[in-house]
Amino acid sequence: MSADLFDRAGALFRETQESIIGALESLEAQHGDGSRFRRDEWTRGPESNGPITGGGGLTCVLEGGRVFERAGVNFSAVRGRYSEEFARTLPGEGLDFAACGVSLVIHPRSPRLPTVHMNHRRLSRGATGWFGGGSDLTPYVLDEDDARHFHRTLHDACARHPAVASYDRFKRECDDYFYNHHRGEARGLGGIFFDYLTDDPEETLAFMRDSCAAFLLAYLPIVERHIDEDYTDAEREWQKLRRGRYVEFNLLHDRGTMFGLRTGGRVESILMSMPPEVSWRYAAEPEAGSREAALLEVLRTPRSWVGAP
């Protein structure tokens, strides 16, 4: 893998982290209590399974804000060695790896504001490198205009790079990936998801830049539209129940969580994606005809959100 490409991807991801942190702190300053991100720089320590190690990252977490109950925006650029068992699941040869990326999960306080996730990364095994990532939306109230805006913005980013990106394919992969099979329902309303992109690395890096930039364009208008809406205790309880499904997915199915834990990653950074307040209630089902039931119907039968402009 080209060191230059890895370094340029890392610089893009670091710039993306700062841009998103600035936007979220601005929202807290305008609509909240001025909460800011805590910044923790860290370095990768020695490994027990090989001599190659290095790098580190910057974990940034905002907690207890009026707008964002928890928001984590992480950057990392590390090198190390895969276990032989884990390496067999990946393309390439050997055990040496390099990985850089930006990863975020935002859990707003209000159930009228959706949770959102974004991850963009460059990984390698030996001389084989690839890009992966995506963005997806997890609302607690179904707003079809929000869903169409989010998906249309990601669609347009893909459309500018047809040689390496396909919204239709990435949307299908997102629906398939962010799915709680044990529940028979999607985690949210999806977005795009892609992995193992190896063709035309330069054009793929250009797409990654466009896709990173699309995140704020897709998410901020949704927050601004609903940020001052009132909500009920019942809506807050529904949010906590749905957050439980989010936890289930991250611990049972998420590749990023598994990658971090299996490669000796920093646990606090990996698990910052967890929501701060969560509920589980036995056999909880929403009332028929309710807004909650409408959301659950879509989660059980994902739909298309991008038609004719």
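Everything below is about the structure shown above.
Conventions used here
Residues numbered from 1 in each chain as written. Predicted model: local features only at pLDDT ≥ 70, side-chain atom pairs only at ≥ 80, totals over all residues. Heavy atoms only, no water. 1 Å grid on protein atoms, 1.4 Å probe; cavity = no way out; pocket = protein on both sides within 12 Å on 5 of 7 lines; lining within 4 Å. Points joined across faces, edges and corners; volume = space filled by probe spheres on them. Nonpolar A, V, L, I, M, F, W, Y, C, P; charged D, E, K, R; others polar. Salt bridge = Lys/Arg side-chain N within 4 Å of Asp/Glu carboxyl O. Helix = DSSP H or I, 4+ residues; strand = E, 2+ residues; numbered from the N terminus. Buried < 20%, exposed > 50% of the residue type's maximum accessible area, 1.4 Å probe, protein only. Polar contact = N/O pair within 3.5 Å; in protein donor to acceptor, adjacent residues only side chain to side chain. Contact = heavy atoms within 4.5 Å. Axes fitted to C-alpha atoms, helices over the stretch in contact; angles between N-to-C directions. Parallel < 35°, antiparallel > 145°, perpendicular 65-115°, else oblique. Left-handed = near helix turned anticlockwise from the far one by under 90°. Core = buried A, V, L, I, M, F, W, Y, C linked by side-chain atoms within 4.5 Å.

Trainee: I'd like a description of empty space enclosed by the protein, backed by residues and values.
Mentor: Summed over all chains, the structure comprises three cavities of 30 Å³ or more. Looking at the largest cavity, its volume works out to about 40 Å³. Lining the largest cavity, in full, are D136, C174, D175, F178, A186, G188, L189 and G190. In terms of residue class, the lining of the largest cavity is made up of four nonpolar, two polar and two charged.

Trainee: Hey, could you go over the pattern of salt bridges for me, with residue numbers and the actual values?
Mentor: As enumerated under the stated definition, the model contains 33 salt bridges in all. Of the charged contacts, one joins D156 and R152 as a salt bridge, the two residues approaching to 3.6 Å between their closest N and O atoms. Here D156 and its partner R152 are both found in helix α3 (residues 144-159), four residues apart, which amounts to about one turn of the helix. On the basis of relative accessible area, D156 is assigned to the partly exposed category, the value being 30%. The salt bridge partner of R169 is E173, with a shortest N-O separation of 3.5 Å. With a gap of four residues between them, R169 and E173 both fall in helix α4 (residues 167-177), about one helical turn apart. With relative accessibility at 33%, the residue R169 sits in the partly exposed group.

Trainee: Can you tell me about the side chain of H107, naming the residues and giving the values?
Mentor: Locating H107 in the fold gives a position in strand β4 (residues 96-108). At 3.1 Å, the side chain of H107 and the side chain of T115 are in polar contact. Every residue in contact with H107, bar those within four places of it in the chain, is listed here: F68, E69, R70, T115, Y140, R243, Y246, S273, M274, P275 and P276.

Trainee: Could you give an account of the packing of α3 against helix α5 (residues 201-226), naming the residues involved and the relevant values?
Mentor: Following both chains from N to C, one finds α3 and α5 inclined at 165°, their axes separated by 9 Å at the closest point. Our classification of the angle between α3 and α5 gives roughly antiparallel. As for how α3 packs across α5, the hand of that crossing is right-handed. Two secondary-structure elements touch here, α3 through D145, D146, H149, F150, T153, L154, A157 and C158 and α5 through F207, D210, S211, A214, L217, A218, P221, I222, R225 and H226. Tallied by class, residues from the contact of α3 with α5 come to ten nonpolar, four polar and four charged.

Trainee: Before we move on, could you go through the nonpolar core and cite the residues and values that matter?
Mentor: In terms of nonpolar packing, the biggest core is built from 54 residues, with F13, F68, I106 and F215 touching the most fellow members. Looking at this core, the element that brings in the most residues is α5, giving twelve residues. Sequence-distant contacts of F13, that is, excluding residues within four places in its chain, are made with F75, C100, G101, V102, H120, R121, R122, M208 and C212. Within the second largest apolar cluster, eleven residues are counted, among which are Y82, A87, F97 and A99.

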